[in-house]
Amino acid sequence: MRWYRVRALVVKEFLALLRDKASRMVLIGPPILQLLVFGYAATFNLVHVPIVIYNQDSGGASRALIARFQGARSFRVVRFLTTDRRLASILSDKEALAVIRIDSRFSQDLALHRSAHVAVWIDGRNSNTALLALNDINAITQSFNAHWAASHGWPHPKALVTMRAWFNPNLHSRWFIVPGIVGLLTLVVAMLVTGLSVAREREAGTFDQLLVTPLEPFEILLGKALPGFLIAGLEATAIILVAVPWFGVPLVGSLLALYLGLFLFLLAAIGVGLAISSACATQQQGLLGVFLFLVPSIILSGFATPIANMPKAVQYLTYLNPLRFFLVILRGVFLEGDGVSVLWNQYIPLALIGVACMAMATWLFRHRLS
Amino acid sequence: MNLQRIRGLIRKEALQVLRDPSAIAIAFVMPLFLLLLFGYGVSLDARHVPIALVASRPTAETSALWAGFNRSAYFDPVVYTNIVSARKALMKRQVDGIVWLRGDFSRTVLSQRPATIAVIVNGVDANSAHIIEGYVQGVWATWLQQEAARHGQALTVPVDIQSRVWFNPGLRSHDYLVPGLVAIIMTLIGALLTALVVAREWERGTMEALMASPAQMGEILLGKLIPYFLLGMGSMALSVAMAVWLFAVPLVGSLWVVFVCAALFLLTALGAGLLISTIAKNQFVAAMVAIVVSYLPAFILSGFLFDIHSMPLPIQILTRIVAARYFVAILQTVFLAGNVWPVILENSAALMVIAAFFLILVARISRKRLD
C-alpha cells in the first residue's frame, strides 16, 4: 500500500464531492438545519394541547379544578361548552384532544364529603398522546385532591407516591431525542457520502479508468472511505457543538468515550455504505440500497420507540444495527456521564460490525471486478 | 397534447422500469418489507418493564403492595433486599425503575399517618419514564382501594376521574402507528420513484434526444408521471391490504376514500420528486435532496409519532408544507374513526393545493433548453 496514491484519490474524492456548489450545499446545510427543526419538533412532552371543558356545575369547587387545567402547561382550554350537542364532533373533527365534563352535582358532592365525578372523553387516534394526556389529567386531579383533602378535613390516603427521575429530573423528552438526532444525522451523512460513490463511477464510466491506475482495490476503497470519515466526523462535531448550547442538553460524560464511539460507528456505517455502493451498478440502485439500510436502522435503533417494546425476534435483529449501539453510547455520555470503561460492551459489537462490513465491502468490490 | 406521443413515452418509461428491477423493487418489495419491519418494530406499548422492589423491612403491608406489582402485566418485578444493590441495578440498566418502601413504612401506615412510596426511574428515555409513572400510579390506586375494602371502608377521594377513549379504546399503539406508517412508506416510494428519473436523463445525455423529439415538455412530464403513478397506486393497495389483514387494523371508513386521498397524496409525492429531479439535473444531488426532504420530515414532522400541537409555533407552521402531515391525518381518521368529512375535506384540499403547486412549478421550470 502506498500512502501517496491513497492521498491522491482522497483529494480527487473531495474535489468530486465539493466542487459542485449544489452537492456542497446539500452536504453541509441540511444536517444543521434538521438538527434545529427536529430538535424542536421531536418531543413527547405535551405542550398546550387543546382541550374543551363542559362544566355543568355552578359552584366554586369546579372553578378551582378548571383553574388547575388552565394553569397546566400541557393543556390549553380552547372552549367552554354549555350543552352536549356538539360533543361528538369536537373530538372526531380534531377540534380538541379531550373533553372534560364536570358533573352538575360536583360542588355539592364535595361539600357533603362524597366523591365528585368528572368524565373525560379522549381522542385515541394517536394512542401515545392520549395516554400521556390521561396521565397528565390524572396528575392534575391528584394534586387537586391532595390539596382539597388537606384543606377540607378529608381522611388522607394511606400512602403517597413520590417520583424522582435520575439523569433527567424534569423528564424532558428532548434530552433523550437530541443525542439521538446526533446519531441519526451522522449516519445519514456517512451513508450519503459513501453510498453512491462507487456506483457513480460505474455509471459515469470512470470506474474503468480507476482500475487501470496503479491503485490496488484496497487502496481505492480506502480512498473512498477516508473522505466519508472526515466529512461525517466533522459534521458530527458541528452538530454536537450546536446541540449542547442551543438545546441545553447536558454533556456530562467523557469526550474520549464519545469520539471512540463515533470512530467505531463511522467504521461500521461507511463499511455498509461502501458495500452497498460496490454491489450496485447504477446510482438509482445505490439510492435504493441506502434507503433500505437507512430506514430500518433508524426504526430498529431505539431512536424514538424503545427496543424493549419490540418482539423478542426483532430485538435480536437490532444487535446487527450499528446505530443501536451508538445511541446507547451517545445517551450514556451525554446524560449519564459514562466513560470508556462503562461502555466497552457497546464498543466491542460496534467494532465487530465495523470490521465485518469493511471486509464485506472489500469482497464485494473485488467480486464485482471479476 | 398528443395522446399517441404520450403513449409512446409511457411505453419507453415502462420498458425502462421493467429493465432495471430497482423500480419494481421500490414499488412492491419495499412496502412489504417496510410495513413488516415497522409494524413489528415500532411500538410504544411498554410491557414487562423490569422494576426493582425494595422493602427495607418487609411486612404484611409491603407484601400486599408487591402483590399488586406482581399481578400487573406492565411490570416484571425483581425483589431486592437493600436499596444499594437496587441502585446499582438501575445504574447498570438492569431495571428501569425502583419502588422503595423505607423501614418505617408499615409503622407509619399503622399509625394512620401517610407513608411514602418512593419511586426512582431512569429518566433518560423520558417518554417511557412518564408511562412507567402512570403504571405505578395505577398499581398504587388499586392498592389503596383494596386496603380500604380490607378494612371494610369505601375509599373516597374528592374527585374521581372516569375516562373513556374514543376510536381506539384499547389504546393499541399499533392501530394508530400502522395507518401513519402507510403514509410514511408512500412518501418514500413517491420520492424514490421519481427523484432520479429526470436527473438521470440529464446525466446520461438522453434529455437532449428527448428534446429533439416532437414531444412537448408537458407530454414528456406526463409520460414520466403516469407509469410511476400507477406503480405507486399498486403499492398503496398492497400496503392497505397488509394493514387490514396482517396487522388487523380496523378500517372504519370507506376504502374508496382511502384510495382517492392516496391518489391526491401520490401526486404531491411524485410532483416533489419530479421537481427535485428537474432542478438538480444530477443524480447525486437529487438523491440527497430526496432523502433530506422526504423521509426524515415525514417521520418527524407529520404527526405520525410526535404530536404536532406540542411543537413550538414556527415548527407547527413548517409542518403545514409537509404533505405527509395531511395524509397521516386522513388515514388515521378514516381507519379508526370513519368518514369524518370535515377532517377529510380540509386535509384533501391542502393536498390538492400542494400537488397543484408542485406540478405547475415543474411544468413552468421545465423548458426545452439545454443550459
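Being a predicted model, the structure only gives us computed values, none of them experimental.

Cut-offs and rules
- Residues numbered from 1 in each chain as written.
- Chains lettered and ligands numbered in written order.
- Predicted model: local features only at pLDDT ≥ 70, side-chain atom pairs only at ≥ 80, totals over all residues.
- Helix = DSSP H or I, 4+ residues; strand = E, 2+ residues; numbered from the N terminus.
- Rg over C-alpha atoms; globule rule 2.2 N^0.38 Å.
- Buried ≥ 20, exposed ≤ 12 C-beta atoms within 10 Å, placed from the backbone.
- Contact = placed C-beta atoms within 7 Å.
- Axes fitted to C-alpha atoms, helices over the stretch in contact; angles between N-to-C directions.
- Left-handed = near helix turned anticlockwise from the far one by under 90°.
- Nonpolar A, V, L, I, M, F, W, Y, C, P; charged D, E, K, R; others polar.
- Domains from an automatic or database assignment.
- Parallel < 35°, antiparallel > 145°, perpendicular 65-115°, else oblique.
- Core = buried A, V, L, I, M, F, W, Y, C linked by C-beta atoms within 7 Å.
- Pairing = 2+ DSSP bridges.
- Expected span 1.5 Å × (residues − 1).

**Q** Just to check I follow, could you spell out the overall build of chain B for this structure?
**A** For chain B, the helix and strand inventory stands at 15 helices and 5 strands. Against the globule reference of 21 Å for 371 residues, chain B gives a C-alpha radius of gyration of 28 Å, more extended than a compact globule. Counting only C-alpha atoms, chain B reaches 95 × 45 × 40 Å along its principal axes. Relative to its full complement of 371 residues, chain B shows a buried share of 49%. Pairs at least 24 apart in sequence give 80% of the contacts found in chain B among residues at least 6 apart.

**Q** I'm lost on the overall build of chain A in this one. Help?
**A** Along chain A, the regular secondary structure elements total 15 helices and 5 strands. Structurally, chain A occupies a C-alpha span of about 95 × 45 × 40 Å along its principal axes.

**Q** Help me out: how do you make sense of the packing of helix H11 (residues 255-279) of chain A against helix H12 (residues 283-299) of chain A in this one?
**A** Any two packed helices are characterised by the angle at which their axes cross and by the distance between the axes. All names here are of chain A. With their axes 9 Å apart at the nearest point, H11 and H12 run at an angle of 145° to one another. Seen from above, H11 lies across H12 with right-handed handedness. Contact residues: H11 offers Val272, Ile276 and Ser277, while H12 offers Gly286, Gly289, Val290 and Phe293. Taken together, the residues of the contact of H11 with H12 break down into 4 nonpolar, 3 polar and no charged.

**Q** What should I look at first to understand the domain arrangement of chain B in this one?
**A** Accessible area lost upon the coming together of the parts is a frequently used measure of interface size. Looking at the assigned domains, one finds that chain B contains domain 1 (3-42 + 172-365) and domain 2 (49-150). Using C-alpha coordinates to define each centre, domain 1 of chain B is positioned 48 Å away from domain 2 of chain B.

**Q** I'm lost on the packing of helix H14 (residues 323-336) of chain B against helix H15 (residues 341-365) of chain B in this one. Help?
**A** Residues and elements named next belong to chain B. It is at 9 Å that the axes of H14 and H15 come closest, and there the two elements cross at 155°. One element, H14, and the other, H15, form an angle in the roughly antiparallel class. As H14 runs across H15, the sense of the crossing is left-handed. Of H15, the residues touching H14 (which contributes Ala323, Tyr326, Phe327, Ala329, Ile330, Thr333 and Val334) are Val343, Ile344, Asn347, Ser348, Ala350, Leu351 and Ile354.

**Q** Just checking my understanding: could you explain the nonpolar core for this structure?
**A** Counting residues in each nonpolar core, the largest one holds 246 residues, and the members touching the most others are B:Leu192 and B:Phe327. Among residues more than four places away in sequence, those in contact with B:Leu192 are A:Leu287, A:Leu288, A:Phe291, B:Ile26 and B:Ala290.

**Q** Help me out: how do you make sense of the interface of chain B and chain A in this one?
**A** Residue-level contacts link 93 residues of chain B with 97 residues of chain A. Residue contributions to the side of chain B that touches chain A peak at 13 residues, all from helix H6 (residues 126-150) of chain B. Its residues assigned to classes, the side of chain B that touches chain A comprises 61 nonpolar, 22 polar and 10 charged. As paired strands, strand S4 (residues 116-123) of chain A and strand S5 (residues 159-166) of chain B are joined by 8 bridges and run parallel to one another. What sits directly across from A:Trp121, in S5(B), is B:Arg164.

**Q** Please explain the domain arrangement of chain A as it appears in this structure.
**A** Looking at chain A, the domain boundaries give domain 1 (3-42 + 172-369) and domain 2 (49-151). The gap between the C-alpha centroids of domain 1 of chain A and domain 2 of chain A is 47 Å.

**Q** Help me understand the sheet that holds strand S2 (residues 75-80) of chain B in this model?
**A** Two orientations exist for strands paired in a sheet by backbone hydrogen bonds: parallel and antiparallel. The strand order across the open sheet formed by 5 strands is S5(A)-S4(B)-S3(B)-S1(B)-S2(B), and the pairing between neighbours is mixed. Every interior strand has two partners, whereas the edge strands, strand S5 (159-166) of chain A together with S2 of chain B, have only one. Strand-to-strand twist across the sheet, computed as the mean angle between neighbouring axes with direction ignored, equals 25°. Pairing between strand S3 (residues 97-101) of chain B and strand S4 (residues 115-122) of chain B: 5 bridges, direction antiparallel. When the bridges of S4(B) are listed, B:Leu101 appears paired with B:Ile117. Most of the contacts of helix H4 (residues 83-91) of chain B go to strand S1 (residues 49-55) of chain B, to which it runs at about 165°, and overall it touches S5 of chain A together with S1, S2, S3 and S4 of chain B.

**Q** Quick question: what am I supposed to make of unusual backbone geometry here?
**A** If a residue is not glycine, its phi is most likely negative; likewise, a peptide bond is most likely trans. All names here are of chain A. A positive phi is found at Lys94, a non-glycine position, where the angle reads about 65°. Not every positive phi belongs to a glycine, and Leu171 is a case in point at roughly 50°. Inspection of the secondary structure assignment puts Leu171 in the loop between S5 and helix H7 (173-195).

**Q** Explanation requested: the sheet that holds strand S2 (residues 75-81) of chain A in the structure shown.
**A** Strand order in the open sheet formed by 5 strands is S2(A)-S1(A)-S3(A)-S4(A)-S5(B), with mixed pairing between adjacent strands. Strand pairing shows two members of the sheet lacking a second neighbour, S2 of chain A together with S5 of chain B, which therefore form its edges. Adjacent strand axes in the sheet meet at a mean angle of 25°, parallel and antiparallel pairs treated alike. Looking at chain direction, strand S1 (residues 49-55) of chain A and S2(A) are connected through 6 bridges and run parallel.

**Q** Help me understand the environment of A:Arg7 in this model?
**A** Residues and elements named next belong to chain A. Residue position: Arg7 is located in helix H1 (residues 3-18). A count of 12 C-beta atoms within 10 Å places Arg7 in the exposed class. Remark: the alpha-carbon pair of Arg7 and Leu226, spanning 219 residues in sequence, is separated by 9.3 Å.

**Q** So what exactly am I meant to see when it comes to the environment of A:Val242 here?
**A** All names here are of chain A. One can find Val242 in helix H10 (residues 217-247). On the basis of neighbour counts, which here come to 17 C-beta atoms within 10 Å, the residue Val242 falls in the partly exposed class. Spatially, the C-alpha atom of Val242 lies 45 Å from that of Ala159, the residues being 83 residues apart in sequence.

**Q** What is the right way to look at helix H14 (residues 322-336) of chain A in this model?
**A** An α-helical turn contains 3.6 residues, so a residue and the one three or four places further along point in the same direction. Residue and element names in this part refer to chain A. In this model H14 runs 20 Å from its N-terminal to its C-terminal C-alpha over 15 residues, within 8% of the 21 Å that 1.5 Å per residue would give. Counting buried positions over the 15 residues of H14 gives 14, a clear majority of the element. Just past H14, the residue Gly337 takes up positive phi, approximately 70°.

**Q** What exactly am I supposed to notice about the environment of A:His113 here?
**A** Of note, A:His113 is situated in the loop between helix H5 (106-111) and S4. A sequence separation of 81 residues divides A:His113 from A:Thr194, and the C-alpha atoms of the two residues are 70 Å apart.

**Q** Looking at this model, I keep getting lost on helix H8 (residues 197-204) of chain B. Mind explaining?
**A** Residue and element names in this part refer to chain B. With 6 of its 8 residues buried, H8 lies for the most part within the structure. Every buried residue of H8 is accounted for by Val197, Val198, Ala199, Arg200, Glu201 and Glu203. Buried-residue contacts for H8 involve helix H7 (173-195), helix H9 (206-212), helix H10 (217-246), helix H11 (255-280) and helix H12 (283-301).

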